[in-house]
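# Remarks on the overall topology
One letter stands for each residue in the lines below.
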Amino acid sequence: INFFRFPATSNTQDTIQVGTFDSLDATNLNNFAGKYRALYGTPFDLQELTGISGLDVNAVTHIKVIDVVGNIGQTYCTYDQYGNKVNDPWPTAFPTGGFDLEAIGVINNWMNSVAETDEPVFGFYPNPTEDFIHIVGQDAPGTTLCINTPDGKILYNGSFMRVIDVSMFPKGIYLVGLTNAQGCFMRKLVKR
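A quick note: this is a predicted structure, and the numbers were derived from the prediction, not measured. (Residues numbered from 1 in each chain as written. Predicted model: local features only at pLDDT ≥ 70, side-chain atom pairs only at ≥ 80, totals over all residues. Heavy atoms only, no water.)

Once that is clear, we can look at the overall build of the chain. Looking only at helices and strands, the chain features zero helices and nine strands. When its helices and strands are written in sequence order, the chain yields β-β-β-β-β-β-β-β-β. Out of the 192 residues in the chain, the part that is buried amounts to 30%. For the chain, restricting intrachain contacts to residue pairs at least 6 apart in sequence, the fraction spanning at least 24 positions comes to 53%. Looking at the chain as shown, the accessible area adds up to about 12500 Å², and 53% of this sits on carbon and sulfur atoms. (Helix = DSSP H or I, 4+ residues; strand = E, 2+ residues; numbered from the N terminus. Buried < 20%, exposed > 50% of the residue type's maximum accessible area, 1.4 Å probe, protein only. Contact = heavy atoms within 4.5 Å. Areas by Shrake-Rupley, 256 points an atom, 1.4 Å probe, with all protein chains shown as cover.)

Listed below in structure tokens is the structure:
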């Protein structure tokens, strides 16, 4: 009954239609399920929806996927949250069609117990990265860092470091966690 939409953004050029089997730079798209090539999942972070009146992000029971037409022509064009045209390599000349979706998975619901704060306790850059991340945050005694895969496999767990080499990690999404006297704080990392 009550659906809440992720704020989707498309910063892909919209003057020339992307052709079938052409590729897009996925970093120009946010909250589009089909932004990556086949067999790669697209994460959606429920925390982006916090603060919406009537929505408890810890009590989501259903997921609805809405397809975009991907055609930049005025007749069937789909728009993002800012009114930008959505250009897609699977355009259709009619209001239905689109990519094939094989599955939807809900993962990391164990994250609900992580302390939340409006103040950034730590961060890192660059994100996405290919080789190293530089940690920004207070290095208080007892502060630890961890890097996990979305399914919980620990890739790094140790003392606070300013630079971490992630070059050997496979491409994908990871969770970087910082634990200190204030609690445990998590951030998403994209390795490309």
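Now that the structure has been shown, the text picks up again.
Glancing now at the packing of aromatic side chains. Counting across every chain of the model gives three aromatic pairs. Consider the rings of phenylalanine 6 and phenylalanine 44, whose centres lie 5.2 Å apart with planes at 55 degrees: the pair is tilted. Of this pair, phenylalanine 6 sits in the segment before β1 (9-10) while phenylalanine 44 sits in the loop between β2 (29-30) and β3 (122-125), and the two are 38 residues apart along the sequence. The interplanar angle of 45 degrees and the centroid separation of 5.3 Å between the aromatic rings of phenylalanine 169 and tyrosine 174 together place this pair among those described as tilted. (Phe/Tyr/Trp six-rings, centres within 6.5 Å; stacked < 30°, edge-to-face > 60°.)

Right, let's get into the sheet that holds strand β8 (residues 172-180). Taken together, the four strands give an open sheet; going across it, the order is β6-β5-β8-β9, and neighbouring strands pair in antiparallel fashion. Across the chains shown, the open sheet's two edge strands, defined by having one partner strand only, are β6 (154-159) and β9 (183-191). Ignoring strand direction, the axes of neighbouring strands in this sheet form an average angle of 15 degrees. With five bridges connecting them, strand β5 (residues 144-148) and β6 associate as antiparallel partners. If you follow leucine 145 over to β6, its bridge partner there is glycine 158. (Pairing = 2+ DSSP bridges. Axes fitted to C-alpha atoms, helices over the stretch in contact; angles between N-to-C directions.)

Turning our attention to the sheet that holds β3. Pairing in this open sheet of three strands is antiparallel, and the strands run β3-β4-β7 from one edge to the other. Of all strands in the sheet, those with a lone pairing partner are β3 and β7 (163-165), marking the two edges. Along the sheet, successive strands turn relative to each other by an average axial angle of 25 degrees, direction set aside. Direction of pairing for β3 relative to strand β4 (residues 132-137): antiparallel, over a ladder of four bridges. The residue bridging glycine 123 from the neighbouring strand is valine 136, located in β4.

Attention now goes to the pairing of β8. Look at any regular strand and the pattern is simple: side chains alternate between the two faces of the sheet. Pairing of β5 with β8, which is carried by five bridges, proceeds in the antiparallel orientation. Residue threonine 144 lies in a different strand from β8, and its bridge partner there is threonine 179. As paired strands, β8 and β9 are joined by nine bridges and run antiparallel to one another. Along β9, the bridge assignment pairs glycine 177 with methionine 186.

Inspection of the secondary structure puts threonine 149 in the loop between β5 and β6. With a relative accessible area of 14%, threonine 149 lands in the buried category. If we skip the residues at most four places from it in the chain, threonine 149 touches Leu155 and Tyr174.

On to a nonpolar patch on the surface. A cluster of nonpolar side chains, namely Leu46, Val60, Ile63, Val65, Leu101 and Ile104, defines an oily patch on the protein surface of about 480 Å² accessible area. Along the chain, the position of valine 65 falls in the loop between β2 and β3. (Patch = residues over 30% accessible without salt bridge, like charges linked within 9 Å, V, L, I, M, F, W, Y side chains within 5 Å. Salt bridge = Lys/Arg side-chain N within 4 Å of Asp/Glu carboxyl O.)

So, about the pairing of β5. Where burial is concerned, most of β5 is hidden: four out of the five residues are buried. Connecting β5 to the next strand, β6, in antiparallel fashion are five residues, including glycine 152 with a positive phi near 100 degrees.

Once that is clear, we can look at the environment of glutamine 74. In this fold, glutamine 74 is placed in the loop between β2 and β3. Judged by relative accessible area, which is 57%, glutamine 74 ranks as exposed. Considering only alpha carbons, one finds glutamine 74 and lysine 85, eleven residues apart in sequence, at a separation of 9.2 Å. Setting aside residues no more than four positions away along its own chain, glutamine 74 makes contact with Tyr79 and Lys85. Side chain to side chain, glutamine 74 and lysine 85 meet in a polar contact 3.1 Å long. (Polar contact = N/O pair within 3.5 Å; in protein donor to acceptor, adjacent residues only side chain to side chain.)

Nothing here speaks to function; it is geometry throughout.
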